[in-house]
Amino acid sequence: MPLAIESMDVRKYDVVLSISHAVAHGIKTHKNQIHISYVCTPMRYAWHLQDDYLHLHHLDKPLIVAAARLTLSLLRRWDRESASRADHLLAISQWTAQKIQQAWGRDSHVIYPPVDVDRFSPAKERGDFYLHVSRLVPYKMTAEIVRAFNELQLPLVIIGDGPEMPHLQKLVKDNIKLLGYQPDEVVTDLMNRAKGFIYMAVEDFGIAMVEAQAAGCPVIAHGKGGAAEIVQDGMSGLLFQEQTSRSLIEAVLQSERIKLNSKAAQENAARFSSKRFRDEFSNYMEAAINSSR
């Protein structure tokens, strides 16, 4: 992928915008061009989620892991060097800005990504079930969520698919429904009616958590990464500090006692609207271009 991105010829353009979660920031430009890179994260599999990715792709075996780690070490070197090419760095969250500083040694400006908050219409009467929407991969911690709700014996609906599905099918009890992949209209309907949205992963941002709040569904999430910026603790949701089923259980029980406010969740989500993004991004682009003249 680094070779592919470096081989692209963009010399005829005055401004190059890259949106990068791995290599797009490595596009090569010349001194008369402006390169603005909007960064989701420095490549996760080479930096802070290296061990998770090695395990997920079965590269943590004794005969393979040394070669895999060497390859990732070379990728990190390329990643840091290529990041110096961009004239301006934007980050999707303060969490990502910290990762950019740690990995690349550069400052970045935060503009939260756009979320289609207007597609949701919160139900006047919420249902009696909790909802979790996610890709079913290990770092999303869905198995821990299942263990928590097995103990709570409260209704939980899980939407998503991935390599963790067979493992989860063996774990779930009768109070949990595994629906697999569902189209947007089904996800929207369930978010509009759910009493709470459960999330446990450490995300760079976390669009699903914003969508849930736009649907008037308070979020109960691990208070690290993007969740700490998206959820107003005690108002639009609850943040728990340990990434364990026990900590989640305590947070769910607390939410049952205090009755989180659906209206507060919806109002909080408006901070991440598509219009807000367009305005911020356009203003930044205009300022960056004008400053180079």
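Structural data are supplied above this passage.
Owing to the predicted nature of the structure, the values given are computational and were not obtained by experimental measurement.

J.: What exactly am I supposed to notice about the overall build of the protein chain here?
T.: In terms of helices and strands, the protein chain carries 12 helices and 10 strands. In the protein chain, 59% of the contacts between residues at least 6 apart in sequence involve partners at least 24 apart. Mean positive and mean negative side-chain charge positions of the protein chain (34 and 34 charges, respectively) differ by 2 Å.

J.: Just checking my understanding: could you explain the sheet that holds strand β2 (residues 34-39) for this structure?
T.: Adjacent strands of a sheet pair through backbone hydrogen bonds, lying either parallel or antiparallel. Read from one edge of the open sheet, 4 strands run β1-β2-β3-β4, paired in parallel fashion. Each end of this open sheet is capped by a strand with a single partner; those strands are β1 (15-20) and β4 (109-110). The pairing of β2 with strand β3 (residues 88-91) spans 4 bridges and is parallel. Looking across to β3, one finds that S37 is bridged to L89. Sitting on the sheet, helix α4 (residues 94-104) is in contact with β2, β3 and β4, with an inclination near 135° to β3.

J.: Help me out: how do you make sense of the packing of aromatic side chains in this one?
T.: Any two aromatic rings considered together are summarised by their centre-to-centre distance and by the angle between their planes. The full count for this structure, using the stated rule, is 8 aromatic pairs. An angle of 40° between the planes, with centres 5.7 Å apart, marks the rings of Y112 and F205 as tilted. With Y112 in the loop between β4 and β5 (130-133) and F205 in the loop between β8 (196-199) and α8 (207-214), this residue pair connects regions lying 93 residues apart in the sequence. Feature note: the residues Y38, F277 and F281 constitute an aromatic cluster, connected by ring pairs.

J.: Is there a simple way to explain the pattern of salt bridges in this structure?
T.: Once the charged atoms of two side chains with opposite charge are near each other, the side chains can pair. A complete count under the given rule lists 11 salt bridges for this structure. Between R119 and E211 there is a salt bridge, with its nearest N and O atoms 3.1 Å apart. With R119 in the loop between β4 and β5 and E211 in helix α8, the pair connects residues that are 92 residues apart, well separated along the chain. R119 gets classed as partly exposed once you look at its relative accessible area, which sits at 27%. Connected via shared salt-bridge partners are D128, K195 and E256.

J.: Help me out: how do you make sense of helix α11 (residues 262-269) in this one?
T.: Since one α-helical turn is 3.6 residues long, residues separated by three or four positions face the same way. Taken together, the buried positions of α11 are A264, A265, N268 and A269. Within α11, the buried residues cover an arc of 135° as seen down the axis, which keeps them to one side. Of the surrounding secondary structure, the elements contacted by the buried residues of α11 are α8 and α9 (227-230). Here α11 starts with a cap whose side-chain oxygen sits 2.7 Å from the backbone nitrogen of K263, and that cap is N261.

J.: Where do I start with unusual backbone geometry in this structure?
T.: A positive phi angle, close to 65°, is found at M141, a residue other than glycine. One non-glycine residue, Q153, lies in the positive phi region at around 60°.

J.: Explanation requested: the pairing of strand β6 (residues 156-159) in the structure shown.
T.: If a strand is regular, its side chains alternate between the two faces of the sheet. Burial of β6 is two-sided: the residues L156 and I158 facing one way and the residues V157 and I159 facing the other way are all buried. Here 4 bridges tie β5 to β6, and the two strands are oriented parallel to one another. When the bridges of β6 are listed, V133 appears paired with I159. In this region the chain leaves β5, passes through helix α5 (residues 142-152) and returns to the parallel neighbour β6; the handedness of that crossover is right-handed. Sheet analysis places β6 next to strand β7 (residues 176-180), joined by 4 bridges and oriented parallel. By the bridge assignment, V157 is partnered in β7 with K177. You can see the chain leave β6, run along helix α6 (residues 165-171) and come back into β7, and the turn it takes is right-handed.

J.: Looking at this structure, how should I read the packing of α8 against α11?
T.: When two helices pack together, you describe them by how their axes are tilted relative to each other and by the distance separating the axes. Across the interface, α8 lies against α11 with an axial gap of 7 Å and an inter-helix angle of 130°. Accordingly, the angle class assigned to the pair α8 and α11 is oblique. Relative to α11, the crossing made by α8 is left-handed. Of α11, the residues touching α8 (which contributes V210, Q213 and A214) are A265, Q266, N268 and A269.

J.: Help me understand helix α10 (residues 245-258), please; the structure alone is not making it clear to me.
T.: Compared with an ideal rise of 1.5 Å per residue, which puts 14 residues at 20 Å, α10 spans 20 Å between its outermost C-alpha atoms and is within 8% of the ideal. For α10, every residue scored as buried is listed here: S245, S247, L248, I249, A251, V252 and S255. Buried residues along α10 sit against β5, α5, β8, β9 (219-222) and β10 (237-240). In the stretch just after α10, K259 is the one whose phi turns positive, near 55°.

Rules behind the numbers
Residues numbered from 1 in each chain as written. Predicted model: local features only at pLDDT ≥ 70, side-chain atom pairs only at ≥ 80, totals over all residues. Heavy atoms only, no water. Helix = DSSP H or I, 4+ residues; strand = E, 2+ residues; numbered from the N terminus. Contact = heavy atoms within 4.5 Å. Lys, Arg positive; Asp, Glu negative; His and termini not counted. Charge placed at Lys NZ, Arg CZ, Asp CG, Glu CD. Pairing = 2+ DSSP bridges. Axes fitted to C-alpha atoms, helices over the stretch in contact; angles between N-to-C directions. Phe/Tyr/Trp six-rings, centres within 6.5 Å; stacked < 30°, edge-to-face > 60°. Salt bridge = Lys/Arg side-chain N within 4 Å of Asp/Glu carboxyl O. Buried < 20%, exposed > 50% of the residue type's maximum accessible area, 1.4 Å probe, protein only. Arc of directions from axis to C-beta. Polar contact = N/O pair within 3.5 Å; in protein donor to acceptor, adjacent residues only side chain to side chain. Right-handed = clockwise from strand over helix to strand, strands pointing away. Parallel < 35°, antiparallel > 145°, perpendicular 65-115°, else oblique. Left-handed = near helix turned anticlockwise from the far one by under 90°. Expected span 1.5 Å × (residues − 1).

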